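Residue strings, one per chain:
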Amino acid sequence: MADLSINLAGIKSPNPFWLASAPPTNSGYQVQRAFEAGWGGAVWKTLGDPIINVSSRFAAVSFNGQRVAGFNNIELITDRPLEVNLREIEETKKRFPDRAVIASLMVEPKREKWHEIVKKVEAVGVDGLELNFGCPHGMAERGMGSASGQVPDLVEKQTYWAKEAAKTPVIVKLTPNITDITVTAEAAVRGGADAVSMINTINSLAGVDLDSWNTVPHVGGKGAHGGYCGPAVKPIALNMVGECARNPRINVPISGMGGVSNWQNAVEFMLMGATGVQICTAAMHHGFRIVEDMIDGLNNYLDEKGLAKVMDLVGKSVPKYSDWGNLDLNYKIVARINQDTCINCNKCHIACEDTSHQCIDMLKDPSGKSYLQVREEDCVGCNLCSIVCPVDDVITMVELPHEQPPMTWNERQTALGLLKECEVDTVK
């Protein structure tokens, strides 16, 4: 069995699977049930001044038969008194001393407010703090959450204030509702953050009821934007984790989240630079016991790869992630169709003919039987045919030998610039 334990900025847990700060971590009862199921850590639902939540809070987006492909939420931070939460945090940590218990915090952007709440939560034995600069609804209207998280100066300043009082590691949770998340991640690092976590939820509206014309969800006929999460946001989250992981100025560990639904997703996030992952929607959809499959799957994967510990995964794919200008313009792949397994549904031909590069021909063999064949000289390797094919491995993308040496766009532009300089010198 591989070693699944992680150490994120000094916060240790027996495995990389943490519950994110959200409805599943609203009480000691829930967090303790999660730990009994096997979760390695939990970020407590955000603490702050007690607030009043609305009734009708969640909505889901289902797609092509998949329930909860996306999840929308207009619930705010905890509506339970701080003293009650602190008592339950202390009880939970005493019962499960080997699990990571992180307190998520949100207060007004005032130095004294941060000092006050940091001291209170650290007094009950938390392993670390997560500053919530990401909540996109409700709290943002009060100058907190993403309203702070979208302003680099406020991120830096509030991180610094929390660090002034903190004795445990400080994680800064970043909002994706911004043009470039690396800007605020860098600000968090300048403020002294020990780690960053991403992504918080994305501004969204789940839908509109076509009969009543009410938004989904609605509160007495009125709606508001909420936070979007679940499997649908994973590609966005994975990109943001990768962008931060490859930025040398963001030299702190990353706690990754956003659509992590199984052990495979967790491995993807860790390969792209996350030290561990946080999970919410999958737990809300399937319950806490899903962590058992995640642990088993991760163990088996590490054994297959011959890796002794899960931390060996962290960042292994980051060097492979770059900018478009660094991609080889002369790299060539083409599609090939396996005639023995093709079911002749023609989806690849339709997709290519209507929306791609018209390079799949409908032909007939000597017996008059129809078949599909790719004209490889015209194929640009876009992958669309293999994506729409309903049968696995019927269409494969095959790499062709290089006809010309590798050259990126950036190298091409440099070469053209040098050529122009030579032409000017020749004229002179």
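Throughout what follows, the structure given in this document is the object of discussion. Given the structure is predicted, the values throughout are model-derived calculations rather than measurements. Residue numbering note: each chain is counted from 1, following its sequence as written. Per-residue local features are limited, in this predicted model, to residues with pLDDT of at least 70; the limit for side-chain atom pairs, both in listing and counting, is 80 or more; totals at the level of whole chains, interfaces and linings are taken over all residues. Side-chain descriptors were evaluated using all non-hydrogen atoms of the structure, hydrogens and water having been removed beforehand.

### Considering the overall build of the protein chain
Move 1: Helices and strands together make up the secondary structure of the protein chain, namely 13 helices and 20 strands.
Move 2: When its C-alpha atoms are laid out on the principal axes, the protein chain stretches across 80 × 65 × 50 Å.
Move 3: Burial analysis of the protein chain (428 residues in total) assigns 49% to the buried set.
Move 4: Two residues qualify as a contact provided that any one of their heavy atoms is within 4.5 Å of a heavy atom in the partner residue. Of the contacts made within the protein chain by residues no fewer than 6 positions apart, 72% connect residues no fewer than 24 positions apart.
Move 5: Neither His nor the chain termini are counted; the positive set is Lys and Arg, and the negative set is Asp and Glu. To locate a charge, take atom NZ for lysine, CZ for arginine, CG for aspartate or CD for glutamate. Measuring between centres, the 40 positive side-chain charges of the protein chain sit 6 Å from its 51 negative side-chain charges. Strands are runs of DSSP state E lasting at least 2 residues, helices are runs of H or I lasting at least 4, and numbering of each runs from the N terminus. Burial classes follow relative accessibility: with a 1.4 Å probe on protein chains only, a residue under 20% of its type's maximum area counts as buried, one over 50% as exposed, and anything between as partly exposed.

### Details of the sheet that holds strand β6 (residues 66-73)
Move 1: Between any two strands, at least two bridges found by DSSP are needed for them to pair. Taken in spatial order, the four strands of this open sheet run β5-β6-β14-β11, and their pairing is antiparallel. Looking at which strands have only one partner, the edges of the open sheet turn out to be β5 (58-63) and β11 (202-204). In this sheet, adjacent strand axes meet at a mean angle of 45° when their direction is disregarded.
Move 2: Of the pairings in the sheet, the one linking β5 to β6 comprises five bridges and is antiparallel in character. Looking at β6, one finds that F58 is bridged to N73. Simply put, an axis is a line fit to the C-alpha atoms, just over the touching stretch for a helix, and the angle between two N-to-C directions goes from 0 to 180 degrees.

### A few points about the packing of aromatic side chains
Move 1: Note on aromatic contacts: the rings of Phe and Tyr and the six-membered ring of Trp form a pair at centre separations within 6.5 Å, being stacked when their planes are under 30 degrees apart, edge-to-face when over 60 apart, and tilted otherwise. All chains considered together, the criterion is met by five aromatic pairs.
Move 2: Between F58 and F71, the aromatic rings sit 5.2 Å apart at their centres with planes inclined by 50°, giving tilted as the arrangement. You can see F58 sitting in strand β5 and its partner F71 sitting in strand β6, a full 13 residues away along the chain.

### Quick word on the sheet that holds strand β3 (residues 17-19)
Move 1: On the basis of which strands lie adjacent, the closed barrel formed by eight strands has the order β3-β4-β7-β8-β9-β10-β15-β16 and parallel pairing. Each neighbouring strand pair of the sheet contributes to a mean axis angle of 25°, computed without reference to strand direction.
Move 2: With four bridges connecting them, strand β15 (residues 254-257) and strand β16 (residues 274-279) associate as parallel partners. Within β16, the residue paired with M257 across the bridge is Q278.
Move 3: Running over the sheet, helix α1 (residues 28-37) touches β3, β4 (41-47) and β7 (100-105) and is turned about 165° from β4.
Move 4: Against the sheet, helix α6 (residues 181-190) makes contact with β9 (170-174) and β10 (195-198), and its axis sits at roughly 160° relative to β9, the strand it touches most.

### Overview of the side chain of S148
Move 1: The residue S148 is located in helix α4 (residues 146-149) in this model.
Move 2: Given a relative accessible area of 1%, S148 falls into the buried group.
Move 3: Those residues within four positions of S148 in sequence are excluded, and the remaining contacts are P109, F133, G143, L154, V155 and Q158.

### Quick notes on a nonpolar patch on the surface
Move 1: On the surface, a nonpolar cluster with roughly 430 Å² of combined accessible area is contributed by W324, L327, L329 and W409.
Move 2: Turning to its location among the elements, L327 is positioned in the loop between α10 (290-305) and β17 (333-337). Patch definition: residues with relative accessible area over 30% and no salt bridge; like charges joined within 9 Å; nonpolar side chains (Val, Leu, Ile, Met, Phe, Trp, Tyr) joined within 5 Å. Here the accessible surface of atoms and residues is derived via Shrake-Rupley with a 1.4 Å probe, and residues count as covered only by protein chains that are part of the display. Salt bridge, as used here, is a side-chain nitrogen of Lys or Arg placed within 4 Å of a carboxyl oxygen of Asp or Glu.

### Topic: the nonpolar core
Move 1: Nonpolar cores are built from buried Ala, Val, Leu, Ile, Met, Phe, Trp, Tyr and Cys residues. Side-chain atoms within 4.5 Å join them into one set. Core analysis: the largest hydrophobic core is formed by 88 residues, its most contacted members being F17, W39, L47, V172 and M198.
Move 2: Looking at this core element by element, the count peaks at seven residues for α10.
Move 3: Contact partners of W39, with chain neighbours within four places excluded, come to N15, F17, W18, L19, A34, R99, I279, A283, F288, I290 and V291.
Move 4: Counting 15 residues, the second largest nonpolar core, distinct from the first, contains V334, C342, C359 and C389.

### Quick word on the packing of α1 against helix α2 (residues 82-95)
Move 1: Axis separation between α1 and α2 bottoms out at 9 Å; the angle between their running directions is 20°. The orientation of α1 relative to α2 falls into the category roughly parallel. For α1 against α2, the interelement crossing comes out right-handed. Every residue of α2 that contacts α1 at G28, V31, Q32, F35 and E36 is listed here: E88, E91, T92 and R95. For classification purposes, an angle smaller than 35 degrees is called roughly parallel, one larger than 145 roughly antiparallel, one from 65 to 115 roughly perpendicular, and anything else oblique. Throughout, a crossing is termed right-handed when the near helix is turned clockwise from the far one, and left-handed when it is turned anticlockwise from it by less than a right angle.

### Side note on α1
Move 1: Every buried residue of α1 is listed here: G28, V31, Q32, A34, F35 and A37.
Move 2: Those residues of α1 that are buried are in contact with β3, β4, α2, β7 and α10.
Move 3: Positive phi appears at G38, one or two residues downstream of α1, with a value of about 125°.

### Some thoughts on the pattern of salt bridges
Move 1: For the structure shown, the criterion picks out 19 salt bridges.
Move 2: The closest approach of N and O atoms between E108 and K110, which form a salt bridge, is 3.3 Å.
Move 3: Residue K110 is classed as partly exposed on the basis of its relative accessible area, which comes to 37%.
Move 4: Salt bridges linked by common partners bring E243, R246 and D323 together as one network.

### Description of the pairing of β9
Move 1: Most of β9 is tucked away, with five of its five residues classed as buried.
Move 2: Going residue by residue along β9, you find V170, V172 and L174 tucked away on one face and I171 and K173 tucked away on the opposite face as well.
Move 3: Note that the unit made of β9, α6 and β10 has a crossover that is right-handed. We call a crossover right-handed when, viewed with both strands directed away from the observer, the connection leading from the first strand over the helix to the second proceeds clockwise.

### Some details on α10
Move 1: By this rule the span expected of a helix is its residue count minus one, scaled by 1.5 Å. Taking 1.5 Å per residue as the helical rise, α10 with its 16 residues ought to reach 22 Å, and the 23 Å between its terminal C-alpha atoms agrees with that figure.
Move 2: Buried within α10 are the following residues: I290, V291, M294, I295, G297, L298, N299, Y301 and L302.
Move 3: Where α10 is buried, its residues touch β3, α1, α8 (263-271), β16 and α9 (281-286).
Move 4: The positive-phi residue at the C-terminal boundary of α10 is G306, with phi of around 70°.

### A short note on unusual backbone geometry
Move 1: Along the chain, M198 connects to I199 via a cis peptide bond; the corresponding omega equals 5°.
Move 2: Looking at the secondary structure, you find I199 in the loop between β10 and β11.
Move 3: The omega torsion across V216 and P217 is -5°, close enough to zero to call that bond cis.
Move 4: Here P217 lies in the loop between β13 (215-216) and β14 (226-229).
Move 5: Phi is positive for N64, which is not a glycine, with a value near 55°.
Move 6: Structurally, N64 is set in the loop between β5 and β6.
Move 7: Overall, the relative accessible area of 74% leaves N64 in the exposed class.
Move 8: Its identity is not glycine, yet Q358 carries a phi of approximately 50°, on the positive side.

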